[in-house]
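Chains, contacts and geometry: an overview
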Amino acid sequence: MLYARTLFALLALVSTLPPTVATEKPASHARRSESTVAVESGADRRDHRREPWYADYPASQEIDGAMAYAQTPDQIEDLRWALERYAAAGLDLPHVEAWLHDRRTFCDGPVRKGRSGFATWRNDVSILFNCGSRHTLLHELGHVYDRHTLTDADRAAFMALRGVTEWQADVWLQSGQEHLADVLAWALSPASDRHAQTEPRDEASLWAAYELATGLEPLPWAQRGKEGRS
């Protein structure tokens with residue numbers, strides 16, 4: 001009888017103690033942590049859709065060497081053609097994420113003013129945008145080749161040859177990286193679209209710049225394949 005009364009007294013005492021909370025996080029803190037993890041883990045996938053230039057890409061598909069977000073099948077073929085030009089020339093490229101649009105405003109305004117295309121990177125993924133021609137695709141892939149292949153010493157030698165002093169200059173025509181992309185686009189374009197904007201742009205100078213940057217000669221015209229849309 002005494003044992004029973006003692007047990008009931010202990011149970012009554014325990015029931016009056018406050019609940020233990022030291023081992024649990026407040027609910028609000030737990031939700032905040034989960035939200036942070038979700039944003040961090042999904043940031044790369046969601047960034048594109050948060051930008052003002054995001055649109056629908058019904059022709060999107062993965063092709064050899066790239067994931068193409070495109071609005072038309074022609075854009076897919078343009079990208080495939082450009083990648084094949086680099087492969088035929090023996091120029092290695094990493095896997096590319098390409099956003100292809102049929103309106104110039106996609107690359108203008110909130111993204112880049114006055115551009116028909118540009119290249120960037122996120123977490124070491126090469127990303128290019130194109131609102132222009134096949135020639136522009138070759139140019140933007142030139143920036144990918146630069147980042148993927150060239151060393152600082154390579155860039156210094158190339159700038160010395162081209163007579164520029166900065167790799168990323170504010171003035172487009174004085175930027176070493178634009179000279180490189182311009183030279184690569186010149187060397188890989190078909191005869192109908194063979195042109196360059198950076199100086200010097202005579203054939204001998206462009207040829208020499210291409211050889212210095214790649215260690216190769218431009219493809220013979222007979223091996224450039226179908227010219228297709230420019």
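Structure: above.
The model shown is predicted, which means the values in this text are computed figures rather than measured ones.

What counts as what
- Residues numbered from 1 in each chain as written.
- Predicted model: local features only at pLDDT ≥ 70, side-chain atom pairs only at ≥ 80, totals over all residues.
- Heavy atoms only, no water.
- Helix = DSSP H or I, 4+ residues; strand = E, 2+ residues; numbered from the N terminus.
- Areas by Shrake-Rupley, 256 points an atom, 1.4 Å probe, with all protein chains shown as cover.
- Pairing = 2+ DSSP bridges.
- Axes fitted to C-alpha atoms, helices over the stretch in contact; angles between N-to-C directions.
- Contact = heavy atoms within 4.5 Å.
- Salt bridge = Lys/Arg side-chain N within 4 Å of Asp/Glu carboxyl O.
- Buried < 20%, exposed > 50% of the residue type's maximum accessible area, 1.4 Å probe, protein only.
- Phe/Tyr/Trp six-rings, centres within 6.5 Å; stacked < 30°, edge-to-face > 60°.
- Lys, Arg positive; Asp, Glu negative; His and termini not counted.

1. Thoughts on the overall build of the protein
Across its full length, the protein carries seven helices and five strands. Going residue by residue from the N terminus, the α and β elements of the protein occur as α-α-β-β-α-β-β-β-α-α-α-α. If you sum the accessible surface of the protein, you get close to 13,500 Å²; carbon and sulfur atoms cover 53% of it.

2. Here we look at the sheet that holds strand 3 (residues 96-100)
If you trace the five strands from one edge of the open sheet to the other, you get 1-2-3-5-4, paired in mixed fashion. The open sheet terminates on both sides in strands that have one partner only, identified here as strand 1 (61-63) and strand 4 (117-122). Averaged over neighbouring strand pairs, the angle between their axes works out to 20° when direction is ignored. Bridge analysis of strand 2 (residues 66-69) against strand 3 gives four bridges, and the strand direction is parallel. Of the residues in strand 3, the one forming a bridge with A68 is A98. Helix 4 (residues 134-149) contacts strand 3, strand 4 and strand 5 (125-130) of the sheet and is inclined by roughly 30° relative to strand 4.

3. A short note on the pattern of salt bridges
Enumeration over the complete set of coordinates arrives at seven salt bridges. Across the pair E203 and R194 runs a salt bridge whose closest N-O atoms are separated by 3.5 Å. The exposure class assigned to E203 is partly exposed, which follows from its relative accessible area of 44%. Accessibility expressed as a relative area gives 24% for R194, which makes it partly exposed. For R201, the salt bridge is made with E199, and the minimal N-O distance between the two is 3.1 Å. Classification of R201 as partly exposed rests on a relative accessible area of 45%. Connected via shared salt-bridge partners are D146, D152 and R155.

4. A word on the packing of aromatic side chains
Under the defined criterion, the tally for this structure stands at two aromatic pairs. Where Y69 meets W99, the ring centres are 4.2 Å apart and the plane angle is 15°; that geometry is what we call stacked. With Y69 in strand 2 and W99 in strand 3, this pair connects stretches of sequence that are 30 residues apart. Residue W99 is classed as buried on the basis of its relative accessible area of 0%. With a centroid separation of 6.1 Å and an interplanar angle of 75°, the aromatic rings of F158 and W167 are classed as edge-to-face.

5. Some remarks on the environment of D154
Note on placement: D154 falls in helix 5 (residues 152-162). Judged by its relative accessible area of 37%, D154 falls in the partly exposed class. The spacing of D154 and A213 is 59 residues in sequence and 7.0 Å in space, taken between C-alpha atoms.

6. With respect to the environment of T165
Position of T165 relative to the elements: it lies in the loop between helix 5 and helix 6 (176-188). A relative accessible area of 73% means that T165 is categorised as exposed. Sequence separation between T165 and G176 is eleven residues; the distance between their C-alpha atoms is 7.4 Å.

7. Regarding the pairing of strand 5
Counting buried residues in strand 5 gives five out of six residues, a clear majority hidden from the surface. Looking at chain direction, strand 3 and strand 5 are connected through five bridges and run parallel. Within strand 5, the residue paired with V96 across the bridge is S126. Two strands pair when backbone bridges link them, and strand 4 and strand 5 are joined in this way by six bridges, in the antiparallel orientation. Paired with W121 across the two strands is S126, which belongs to strand 5.

8. Side note on the side chain of D182
Relative to the helices and strands, D182 is located in helix 6. Buried and without a salt bridge, D182 has R162 as its closest oppositely charged side chain, separated by 5.4 Å. Sequence-distant contacts of D182, defined by excluding residues within four places in its chain, comprise H139, A196, Q197 and T198.

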